[in-house]
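A look at the structure
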Amino acid sequence: MQTFTVHHCGPIRSTITIPGDKSMSHRSAMFASLAKGKSTITGFLEAEDCLSTVSAMRSLGSHIERTGTGTFVIEGTGGHLSQPTGDVDCGNSGTTMRLLSGMIASQPIHARMTGDASLSKRPMGRVIKPLTEMGGRFTAEGGDGKPPLVVEGGKLTPLYYEMPVASAQVKSAILLAGLSAEGETSVVEPAACRDHTERMLQEFGVILDLGTPDANGRRRITLKGPQTLKGRDFVVPGDISSAAFWLVAGAAKEGSEITMHGVGLNPTRDGIISVLRRMGADITATPSDPNAAEPSGTVVVKGGRLTGTVIAGAEIPNVIDELPVLAVAGALASGTTIIRDAKELRVKETDRIAAVAGNLRAMGAKVTETEDGMVIEGGYPLRGARLQCFHDHRIAMAFAIAGLFAEGETVIEKVECVATSYPTFGATLESVLTA
Ligand code: S3P
């Protein structure tokens, strides 16, 4: 069993290398595999989740060659996936299973997608429902919309779909299915959620109508099928969701100064910066090429005192993966931090509301769990504790950060899951602890 053993540390003054963005790495392998022609992807996140996507795409007929660290040369299928010979193993990755559902549903193949214990408990009904309306045929062998998922692909009809939750995975699954359906497929998002699929499909030559958000932030995204992607080169920036751990550590520890280069600064993902600034953090973000399809740049965080804030409403999808570590920031801040409208956290790799509230309480924080979030009374000193991460990478890393502020030793058990999104986190943590 791997553990993180963490203790209180002094100011963190370093430059930290952030690995590639997980969402974009998945999409780069998928879109290059769907495309006609060759693509070279650099900066690809070689973590378990994204490597699950690489092996899934290989099993669906794509030629993917790893030519160096984070570099993959992909000869696409021109939009014609082939029949896999065995199960398509999606590992721990919800993104792989949900986006593949959209891609496979329109192909004349059948596939059985499986996942690990955590993925097998996650709801797939949210993609099965709209894809079935398009003519896709799904069987959820786990019952109640749960994996394994069997997809019998075939000809799809276009769809107009108003998403009940702002989910980038659902939006992406429908748009990917719409690529092969004849006519206009539209997805309406109730609030802005990460738009990598839209930006990257355009990079791969797809014509999309991005609509204009209304006063409530609702937006209709439309594409006209059929369309074929064109191979191209794509550079994956660093993952702001991985940078998030160091942003919180640096912001809350007085005297710190952490620099991170090449961090993705997509406006549908950078909410952590605005939330921490609202809490009083000193963060500068300088885009290197603001006109790039996926903007990225240098982020510098300097330590100081934080105060509590409210994180709610339309901001939630923008910080959905950062909420565990933002809750830790709330415990370190003075005053109250309220997280609400975040019920989605209950269906992530684990129930992140219960996991975060339970672990913070074990460290001596004052936290009240609510149905869709939590209320944290900040400023109570944290004490070291022995914690579980419930096979959830973001819980493991968020509490390693909490341990840097606690009195005594914090041990987080079974942290192998961190390899799904940030395999070098442990080494960076070690360098911070021994600096
Ligand atoms: C992701 C979308 C989000 C996020 C997940 C990755 C993606 O999930 O939590 O880690 O790459 O599209 P939802 O779309 O379910 O909100």
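What you see is a predicted model; the values in this text were computed from it and never measured. (Residues numbered from 1 in each chain as written. Predicted model: local features only at pLDDT ≥ 70, side-chain atom pairs only at ≥ 80, totals over all residues. Heavy atoms only, no water.)

1. Notes on the pairing of strand β11 (residues 183-189)
Across the 7 residues that make up β11, a large majority, 6, are buried. By the bridge criterion, 3 bridges tie strand β10 (residues 160-162) to β11 in an arrangement that is parallel. Its bridge partner being in β11, Glu162 is matched across the sheet by Val188. With helix α5 (residues 168-178) bridging β10 and the parallel β11, this β-α-β connection has right-handed handedness. Relative to strand β13 (residues 219-225), β11 is paired through 7 bridges, and the arrangement is antiparallel. Across the sheet, the residue bridging to Val188 is Arg220, located in β13. (Buried < 20%, exposed > 50% of the residue type's maximum accessible area, 1.4 Å probe, protein only. Helix = DSSP H or I, 4+ residues; strand = E, 2+ residues; numbered from the N terminus. Pairing = 2+ DSSP bridges. Right-handed = clockwise from strand over helix to strand, strands pointing away.)

2. Description of helix α8 (residues 271-278)
Among all positions in α8, only Gly271, Ile272, Ile273, Val275 and Leu276 are buried. Looking at the buried positions of α8, the neighbouring elements they touch are α7 (240-252), β16 (282-287), β18 (310-311) and α9 (323-332). Positioned one or two residues after α8, Gly280 has a phi angle of 110°, which is positive. (Contact = heavy atoms within 4.5 Å.)

3. Description of the sheet that holds strand β22 (residues 386-387)
Whenever strands of a sheet pair, they do so through backbone hydrogen bonds, lying parallel or antiparallel. Taken together, 3 strands build an open sheet; the order of strands is β1-β23-β22 and the sheet is mixed. Looking at the sheet topology across the chains shown, the edges are occupied by β1 (4-6) and β22. For β1 and strand β23 (residues 410-412), the ladder comprises 3 bridges, and the chain directions are antiparallel. Bridge assignment links Val6 to a residue of β23, and that residue is Thr410. Packed onto the sheet, helix α11 (residues 393-403) meets β1, β22 and β23 and runs at close to 170° relative to β23. (Axes fitted to C-alpha atoms, helices over the stretch in contact; angles between N-to-C directions.)

4. Details of the site of the ligand
Lining the immediate surroundings of the ligand are Ser23, Arg27, Thr95, Arg98, Ser167, Ala168, Gln169, Arg194, Ile320, Asp321 and Lys348. Here an oxygen atom of the ligand sits 3.0 Å away from a polar atom, N or O, in the side chain of Ser167. Within the side chain of Lys348, a nitrogen or oxygen atom sits 2.7 Å from an oxygen atom of the ligand. At a threshold of 2 Å from the grid points, most atoms of the ligand map onto the largest pocket. Elements that contribute at least two residues to the shell around the ligand include exactly α1 (22-34), α3 (94-105) and α5. For the shell around the ligand, a count of residues per class yields 2 nonpolar, 4 polar and 5 charged. (Near = heavy atom within 4 Å. Polar contact = N/O pair within 3.5 Å; in protein donor to acceptor, adjacent residues only side chain to side chain. 1 Å grid on protein atoms, 1.4 Å probe; cavity = no way out; pocket = protein on both sides within 12 Å on 5 of 7 lines; lining within 4 Å. Sits in = over half its atoms within 2 Å of the grid points. Nonpolar A, V, L, I, M, F, W, Y, C, P; charged D, E, K, R; others polar.)

5. Here's the deal with the domain arrangement of the protein
When the domains of the protein are assigned, the result is domain 1 (3-20 + 237-434) and domain 2 (22-235). One C-alpha centre belongs to domain 1, the other to domain 2, and the line joining them spans 28 Å. Facing the 26 residues of domain 1 at the interface are 28 residues of domain 2. For Arg122, the salt bridge identified is with Glu349, shortest N-O distance 3.8 Å. The tally of links from domain 1 across to domain 2 stands at 14 residue pairs in polar contact (both at pLDDT 80 or more). Of the residues belonging to the side of domain 1 that touches domain 2, the class tally is 12 nonpolar, 6 polar and 8 charged. (Domains from an automatic or database assignment. Salt bridge = Lys/Arg side-chain N within 4 Å of Asp/Glu carboxyl O.)

6. Focus on the nonpolar core
Judged by nonpolar contacts, the single largest core of 79 residues is most densely connected at Trp246, Phe399, Leu404 and Phe425. The dominant element in this core, judged by the number of residues it contributes, is α7, at 10 residues. Excluding its chain neighbours within four sequence positions, the residues that come into contact with Trp246 are Ile16, Ile18, Ile258, Met260, Val301, Ile401, Leu404, Tyr422, Phe425, Thr428, Leu429 and Val432. Ala47, Val187, Met200 and Leu229 belong to the second-largest nonpolar core, a separate cluster that totals 65 residues. (Core = buried A, V, L, I, M, F, W, Y, C linked by side-chain atoms within 4.5 Å.)

7. Considering the layout of surface pockets
Considered as a void within the structure, the largest pocket measures approximately 670 Å³ in volume. In terms of lining residues, the largest pocket is bounded by 38 residues, among which Ala166, Ser167, Ile320, Glu344 and Lys348 are the most central. Mapped by element, the contributors of at least two residues to the lining of the largest pocket are α1, α3, α5 and α11. For the lining of the largest pocket, the class distribution of residues is 11 nonpolar, 10 polar and 17 charged. When residues of the lining of the largest pocket are assigned to domains, at least three map to each of domain 1 (3-20 + 237-434) and domain 2 (22-235). The space that makes up the second largest pocket amounts to roughly 390 Å³. If you trace the second largest pocket, you find 18 residues lining it, with Ala252, Arg305, Leu332, Ala333 and Phe405 closest to the centre. (Points joined across faces, edges and corners; volume = space filled by probe spheres on them.)

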